[in-house]
Amino acid sequence: MNWKGVMPAITTCFTEDLRIDHSFMAEHCRWLLDNGCTGIVALGSLGEGATLSFDEKLELLQTCVRAAAGRAPVIASISALTTWEAVALAKAAGDRGCGGLMVLPPYVYKGDWREMKTHISSVFRATSLPCMLYNNPIAYGTDFLPEQISELAAEHEKFEAVKESSTDARRVSAIRALVDRRLQISVGVDDAILEAIGVGATGWVAGLANAFPRESVVLMNLGLQGESDKAFELYRWFLPLLRMDTVYNFVQLIKLVQAEVGMGNSRVRPPRLELIGPDLEAARKTIQDALRTRPQPVGV
């Protein structure tokens with residue numbers, strides 16, 4: 001499994017009656033891969049996974065796998081209220097042709113390390129697929145510390161990567177210090193990508209890549225190649241958009257960006273609601289300013 005490069009955490013596009021738009025989802029996956037992305041991460045927070053039924057999740061995974069057509073892996077986000085459902089989803093994702101899993105702590109319940117380790121380990125043991133652990137203490141209230149990540153790595157061979165979203169690039173250094181290259185480390189916070197690359201991250205589970213995949217891939221490559229001046233020039237342009245990935249209404253904002261660039265719409269499932277009033281006006285101004293100053297097209 002190649003966990004490196006830009007793997008968008010894809011949004012889930014809905015029709016007017018808020019059903020999954022499978023036709024668009026397939027088109028979106030192909031477009032992302034055409035622009036240099038190395039994988040597709042489906043059913044995550046940005047994909048509104050918590051609003052999808054079990055069957056909808058499986059249908060969406062199948063759509064993504066068919067669209068990818070073997071060009072790149074589809075990674076299924078595994079999140080649920082119960083360990084039983086998480087295990088069932090992990091098994092079903094493998095049956096649907098996914099290439100890997102991104103495993104989250106359980107929704108709602110914020111247990112101690114013994115409970116969280118048991119939950120994550122149950123999912124790891126239920127699959128033959130390579131797995132990434134998603135650490136996002138700000139969103140989920142569960143923080144997998146570097147020492148705990150090292151403990152899991154020592155016990156589970158299929159545990160291959162970490163999506164680190166603590167917003168602290170020092171966490172990448174701390175994990176590397178304990179496990180070196182045993183685990184691949186991906187950034188899960190868009191506006192920390194260059195900082196994390198500097199201390200050893202090699203992947204980016206990206207949000208704004210849903211609308212700007214080419215710029216995301218070029219930024220990642222420049223960072224990895226050590227071309228700091230060129231990387232920061234692009235980063236400086238990109239940052240107002242990348243910061244949209246770090247606020248509570250990031251789903252609405254990123255879907256709005258997609259709508260503004262002609263790759264999707266802004267529909268969300270309740271309890272989320274589309275942006276209105278000053279929030280919508282401010283977001284549109286940021287997007288329009290970025291589009292007006294967008295760098296010339298660049299190669300992947």
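Up top you'll find the structure we're talking about.
Residues numbered from 1 in each chain as written. Predicted model: local features only at pLDDT ≥ 70, side-chain atom pairs only at ≥ 80, totals over all residues. Heavy atoms only, no water.

Caption draft 1: Expanded view of the pattern of salt bridges. Scanning the entire structure with this criterion turns up 15 salt bridges. Among the ionic pairs, Lys 117 bridges to Glu 151, the shortest N-O distance being 2.6 Å. On the criterion of sequence distance, the pair formed by Lys 117 in helix H4 (residues 113-125) and Glu 151 in helix H6 (residues 146-155) is long-range, its members being 34 residues apart. For Lys 117, a relative accessible area of 17% gives the class buried. Glu 151 sits in the partly exposed class, given a relative accessible area of 30%. When the shortest N-O distance is used, the salt bridge between Arg 294 and Glu 215 registers 2.7 Å. Highlighted residues: Arg 294 in the segment after helix H12 (277-292) and Glu 215 in helix H9 (residues 213-224), separated in sequence by 79 residues. Within the structure, one salt-bridge network assembled from shared partners comprises Lys 117, Glu 151 and Glu 155. (Salt bridge = Lys/Arg side-chain N within 4 Å of Asp/Glu carboxyl O. Helix = DSSP H or I, 4+ residues; strand = E, 2+ residues; numbered from the N terminus. Buried < 20%, exposed > 50% of the residue type's maximum accessible area, 1.4 Å probe, protein only.)

Caption draft 2: Highlighting helix H7 (residues 170-179). Here H7 has its buried residues at Arg 171, Val 172, Ile 175, Arg 176 and Val 179. Buried positions in H7, seen along its axis, are confined to an arc of 135 degrees and lie on one side of it. Away from the buried face of H7 by more than 90 degrees, exposed residues Arg 170 and Ala 177 are located. On its buried face, H7 sits against strand S5 (131-135), H6, strand S6 (159-164), strand S7 (184-187) and helix H8 (193-197). In the segment just after H7, Asp 180 is the residue with positive phi, at about 55 degrees. (Arc of directions from axis to C-beta. Contact = heavy atoms within 4.5 Å.)

Caption draft 3: How the structure looks around the environment of Leu 33. In this fold, Leu 33 is placed in helix H1 (residues 22-34). Spatially, the C-alpha atom of Leu 33 lies 9.8 Å from that of Ala 67, the residues being 34 residues apart in sequence. Ignoring sequence-local partners within four residues, the contact set of Leu 33 consists of Gly 39, Ile 40, Ala 68, Arg 71 and Ala 72.

Caption draft 4: Structural view of the packing of H4 against H6. Where H4 contacts H6, the axes come no closer than 12 Å and their chain directions differ by 40 degrees. Like other packed secondary-structure pairs, H4 and H6 cross with a definite hand, here right-handed. Packed against H4, whose contacting residues are Trp 113, Lys 117, Ile 120 and Ser 121, the element H6 presents Gln 148, Glu 151, Leu 152 and Glu 155 at the interface. (Axes fitted to C-alpha atoms, helices over the stretch in contact; angles between N-to-C directions. Left-handed = near helix turned anticlockwise from the far one by under 90°.)

Caption draft 5: Spatial organisation of the nonpolar core. Counting 96 residues, the largest nonpolar core has Leu 61, Leu 101, Phe 159, Trp 204, Leu 219 and Leu 241 as the members making the most contacts within it. Among the elements that take part in this core, helix H10 (residues 228-242) stands out by supplying 8 residues, more than any other. Those residues in contact with Leu 241, other than ones at most four positions away along the chain, are Leu 208, Phe 212, Thr 286, Ile 287 and Ala 290. Listed in part, the 13 residues of the second largest apolar core include Ile 75, Met 102, Tyr 107 and Tyr 134. (Core = buried A, V, L, I, M, F, W, Y, C linked by side-chain atoms within 4.5 Å.)

Caption draft 6: Highlighting the pairing of strand S3 (residues 74-78). Across the 5 residues of S3, 5 count as buried, placing the element largely inside the fold. Neither face of S3 is left uncovered, since the one carrying Val 74, Ala 76 and Ile 78 and the one carrying Ile 75 and Ser 77 both have all their residues buried. With 3 bridges joining them, strand S2 (residues 40-42) and S3 adopt parallel strand pairing. Its bridge partner lying in S3, Ile 40 is registered against Val 74. After leaving S2, the chain enters helix H2 (residues 54-68) and then returns to the sheet as S3, a path that is right-handed. Across 4 bridges, S3 lies against strand S4 (residues 100-103) in parallel orientation. (Pairing = 2+ DSSP bridges. Right-handed = clockwise from strand over helix to strand, strands pointing away.)

Caption draft 7: Main features of the side chain of Ser 79. In this fold, Ser 79 is placed in the loop between S3 and helix H3 (83-95). For Ser 79, the side chain forms a polar contact with the side chain of Tyr 107, separated by 2.9 Å. Every residue in contact with Ser 79, bar those within four places of it in the chain, is listed here: Leu 43, Lys 57, Leu 89, Leu 104 and Tyr 107. (Polar contact = N/O pair within 3.5 Å; in protein donor to acceptor, adjacent residues only side chain to side chain.)

Caption draft 8: View of the packing of aromatic side chains. Applying the stated rule across the entire model yields 8 aromatic pairs. Here Trp 113 and Phe 144 contribute two aromatic rings whose centre-to-centre distance is 6.4 Å and whose plane-to-plane angle is 80 degrees, an arrangement assigned as edge-to-face. With Trp 113 in helix H4 and Phe 144 in the loop between helix H5 (137-140) and H6, this residue pair connects regions lying 31 residues apart in the sequence. Residue class for Trp 113 comes out partly exposed when judged on its relative accessible area of 21%. Judged by centre distance (5.8 Å) and plane angle (80 degrees), the rings of Tyr 134 and Tyr 140 are edge-to-face. Taken together, the aromatic side chains of Tyr 107, Tyr 134 and Tyr 140 make up a single cluster linked through ring pairs. (Phe/Tyr/Trp six-rings, centres within 6.5 Å; stacked < 30°, edge-to-face > 60°.)

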